[in-house]
Amino acid sequence: MNQKGMEPVGDSKWFTEARFGMYIHWGLYSLGARHEWMRGREFLSNEQYEKYFKRFDPDLYDPELWAQLASDAGMKYMVVTTKHHEGFCLWDSKLTDYKVTNTPYGKDLLRPMLDAFRGKGIRAGLYYSLLDWHHSQYTVDVKHPQRYDAAFVEQSKQRDFSKYVDYLFGQTRELLSEFGDIDVLFYDFSIAAEEGFPGKGKEAWQSEKLVKLIRELQPRIMLNDRLQVPGDITTPEQYQPREWIKVNGRRVVWEACHTFSGSWGYYRDEESWKSVDMLLQMLIDTVAKGGNLLLNVGPTGRGEFDERAVDRLKGMGGWMRRHSRSIYGCTAAPEAFECPPDCRFTYNPDTNRLYLHVFAWPFKQLHLSNFSGRVEYAQLLNDASEIRMVEGEKKLTMEAGAFDEGRPANTLTLQLPVKKPNVAVPVIELFLRDQ
Ligand code: GLC
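Because the structure is predicted, anything quoted here is derived from the model rather than measured.

### Let's talk about the sheet that holds strand β10 (residues 343–348)
Okay, so step 1: Pairing is antiparallel in the open sheet, where four strands are placed in the order β10-β11-β16-β13. At either end of the open sheet lies a strand with only one pairing partner, and these are β10 and β13 (375–380). Within the sheet, the average angular offset between the axes of one strand and its neighbour, ignoring direction, is 20 degrees.
Okay, so step 2: Packed onto the sheet, helix α11 (residues 276–288) meets β10 and β11 (353–358) and runs at close to 55 degrees relative to β10.

Pasting the structure below:
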């Protein structure tokens, strides 16, 4: 129960089993190709930004291909920016002209996308920006691109923010009633006041009323936590939490969202792309702490995934094909299992199997403290080859002489191959004995 007495109510069962989703950031900023915040970073006005609206024409857009790439990577849900801070809408909203159907492309992008992903068994989620830098009634705040433009600030004092709130409610209604079952809703975001400029939070967005509307339209939806009122999912961004996230002392459903390279929108010149190995370690680390990973792709203005993203997705998919058993339906291991250095445990409570992910291959032995008697069988997950085990204290032989190598009696030693198996992150599947 949270401080407001409203228990989060979304359907979290499928969500915590799925563990791995695709985020998609797509909009006019794909043409600028230098970050989805480019309008804010460069303090651009509606007029200066208009050139992208006039030229938005993703002629190579193939949602079936996108869905296939997500599915092959092992992703089980997706979340797409229906509208980002720039205000541009990817669907044919009746409440604005600032939408894809009025660009040279001329067609709705959203429905075919949701259809294609659902067709591959991937659940559909929507991102919606609370910020809106294009709307005629959205008032200036600390994040607004034109906050330093005195004439603009003066003139926008006439704005009636309640009209923007009507728009936010109206678009929410459209998105949640015209596109079938929506599994996830990601609002972004509440702003703290700073530098003498106002912010916007739950009073501004009318968050409590909005949540009622959302629950009424889609009772099972998983709602995130950025409306400044409790939601179903806590959403740390671009970092890995140290442990399972807690709110008011209780473990919560959480999802880390990450980029491949730093920017969410397509960024042509960015060179800080993460490797497949690092991305897999992030996925594993997340599940080991009881969370989900939402990994972002920023498609180009032609409507294709960045080739560097395709490379990472394929690399992750190759690993997932053999190792998804250590991800789907898994969570943090019970605390009694002490994880060795440079490793992560995930655990499947239904099968009572523990998965040991080895980030740094340790030569030929891996010692598990306090594990003696707890494991019935062990194998490498990639090829189901047995990993032989030695229980307890090392027996000293005459030849070895008398020395102590610090292996207490309760140690279980896994006898590994000297060479690291040829996979990004080797996983040892431990079949636990019933307690
Ligand atoms: C942030 C950024 C935004 C991005 C989002 C992803 O709040 O403003 O550009 O869409 O996080 O969750």
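### A short note on the sheet that holds strand β14 (residues 388–391)
Okay, so step 1: Spatially, the three strands line up as an open sheet ordered β12-β15-β14, and their pairing is antiparallel. A strand with exactly one partner marks an edge of an open sheet, and here the two such strands are β12 (365–368) and β14. Neighbour-to-neighbour, the strand axes of the sheet open up by a mean angle of 25 degrees, direction not taken into account.

### Side note on the pattern of salt bridges
Okay, so step 1: Scanning all chains against the criterion turns up 25 salt bridges.
Okay, so step 2: A salt bridge links Lys 13 to Glu 17, with the nearest nitrogen and oxygen atoms 2.7 Å apart. Of this pair, Lys 13 and Glu 17 both sit in helix α1 (residues 13–18), four residues apart, roughly one helical turn.
Okay, so step 3: Taking the shortest distance from any N to any O, the salt bridge between Arg 353 and Glu 429 comes out at 3.1 Å. Here Glu 429 lies in strand β16 (residues 427–432) and Arg 353 lies in strand β11, a separation of 76 residues in the sequence.
Okay, so step 4: Glu 429 gets classed as buried once you look at its relative accessible area, which sits at 0%.
Okay, so step 5: Salt bridges linked by common partners bring Asp 188, Arg 226 and Glu 237 together as one network.

### As for the packing of helix α5 (residues 63–73) against helix α6 (residues 110–119)
When two helices pack together, their arrangement is captured by the angle between the axes and the distance separating the axes.
Okay, so step 1: Between α5 and α6, whose axes approach to 8 Å, the crossing angle comes to 40 degrees. As summarised for this structure, α5 and α6 are arranged oblique, according to the angle between their axes. In this structure, the crossing between α5 and α6 has a hand that is right-handed. Contacts between α5 and α6 pair Pro 63, Glu 64, Trp 66, Ala 67 and Ala 70 from the former with Pro 112, Met 113, Ala 116 and Phe 117 from the latter.
Okay, so step 2: Grouping the constituent residues of the contact of α5 with α6 by class yields eight nonpolar, no polar and one charged.

### Digging into the site of the ligand
Okay, so step 1: In the vicinity of the ligand there are 14 residues, among which His 25, Glu 36, Trp 37, His 84 and Glu 237 approach most closely.
Okay, so step 2: Glu 36 places a polar side-chain atom, nitrogen or oxygen, 2.6 Å from an oxygen atom of the ligand.
Okay, so step 3: For the ligand, whose accessible area on its own is 310 Å², the fraction buried by protein is 93%.
Okay, so step 4: Taken together, the residues of the shell around the ligand sort by class into seven nonpolar, three polar and four charged.

### Some thoughts on the nonpolar core
Okay, so step 1: Counting residues in hydrophobic clusters, the biggest one holds 92 residues, and the most contacted among them are Met 22, Phe 117 and Tyr 187.
Okay, so step 2: When residues in this core are grouped by element, the largest group, eight residues, is from helix α8 (residues 161–177).
Okay, so step 3: Each of domain 1 (12–326) and domain 2 (343–432) gives at least three residues to this core.
Okay, so step 4: Counting 22 residues, the second-largest nonpolar core is a separate cluster that includes Phe 345, Val 358, Ile 428 and Leu 430.

### Digging into the pairing of strand β1 (residues 20–24)
Okay, so step 1: Judged by how many residues are buried, β1 sits mostly within the fold: five of five residues are covered.
Okay, so step 2: Covered by surrounding structure in β1 are Phe 20, Met 22 and Ile 24 together with Gly 21 and Tyr 23, the residues of both alternating faces.
Okay, so step 3: Here β1 runs beside strand β9 (residues 292–297); their pairing, made up of five bridges, is parallel. The partner of Met 22 across the bridge, within β9, is Leu 295.

### Description of the domain arrangement of the protein
Okay, so step 1: Segmentation of the protein into domains returns domain 1 (12–326) and domain 2 (343–432).
Okay, so step 2: Summarising the inter-unit geometry, the C-alpha centres of domain 1 and domain 2 are found 41 Å apart.
Okay, so step 3: With 12 residues of domain 1 at the interface, the matching set in domain 2 holds 15 residues.
Okay, so step 4: At the surface where domain 1 touches domain 2, the tally comes to two salt bridges.
Okay, so step 5: Linking domain 1 with domain 2 are five residue pairs in polar contact (both at pLDDT 80 or more).

Here is what the cut-offs are and how they apply
- Residues numbered from 1 in each chain as written.
- Predicted model: local features only at pLDDT ≥ 70, side-chain atom pairs only at ≥ 80, totals over all residues.
- Heavy atoms only, no water.
- Pairing = 2+ DSSP bridges.
- Helix = DSSP H or I, 4+ residues; strand = E, 2+ residues; numbered from the N terminus.
- Axes fitted to C-alpha atoms, helices over the stretch in contact; angles between N-to-C directions.
- Contact = heavy atoms within 4.5 Å.
- Salt bridge = Lys/Arg side-chain N within 4 Å of Asp/Glu carboxyl O.
- Buried < 20%, exposed > 50% of the residue type's maximum accessible area, 1.4 Å probe, protein only.
- Parallel < 35°, antiparallel > 145°, perpendicular 65-115°, else oblique.
- Left-handed = near helix turned anticlockwise from the far one by under 90°.
- Nonpolar A, V, L, I, M, F, W, Y, C, P; charged D, E, K, R; others polar.
- Near = heavy atom within 4 Å.
- Polar contact = N/O pair within 3.5 Å; in protein donor to acceptor, adjacent residues only side chain to side chain.
- Areas by Shrake-Rupley, 256 points an atom, 1.4 Å probe, with all protein chains shown as cover.
- Core = buried A, V, L, I, M, F, W, Y, C linked by side-chain atoms within 4.5 Å.
- Domains from an automatic or database assignment.

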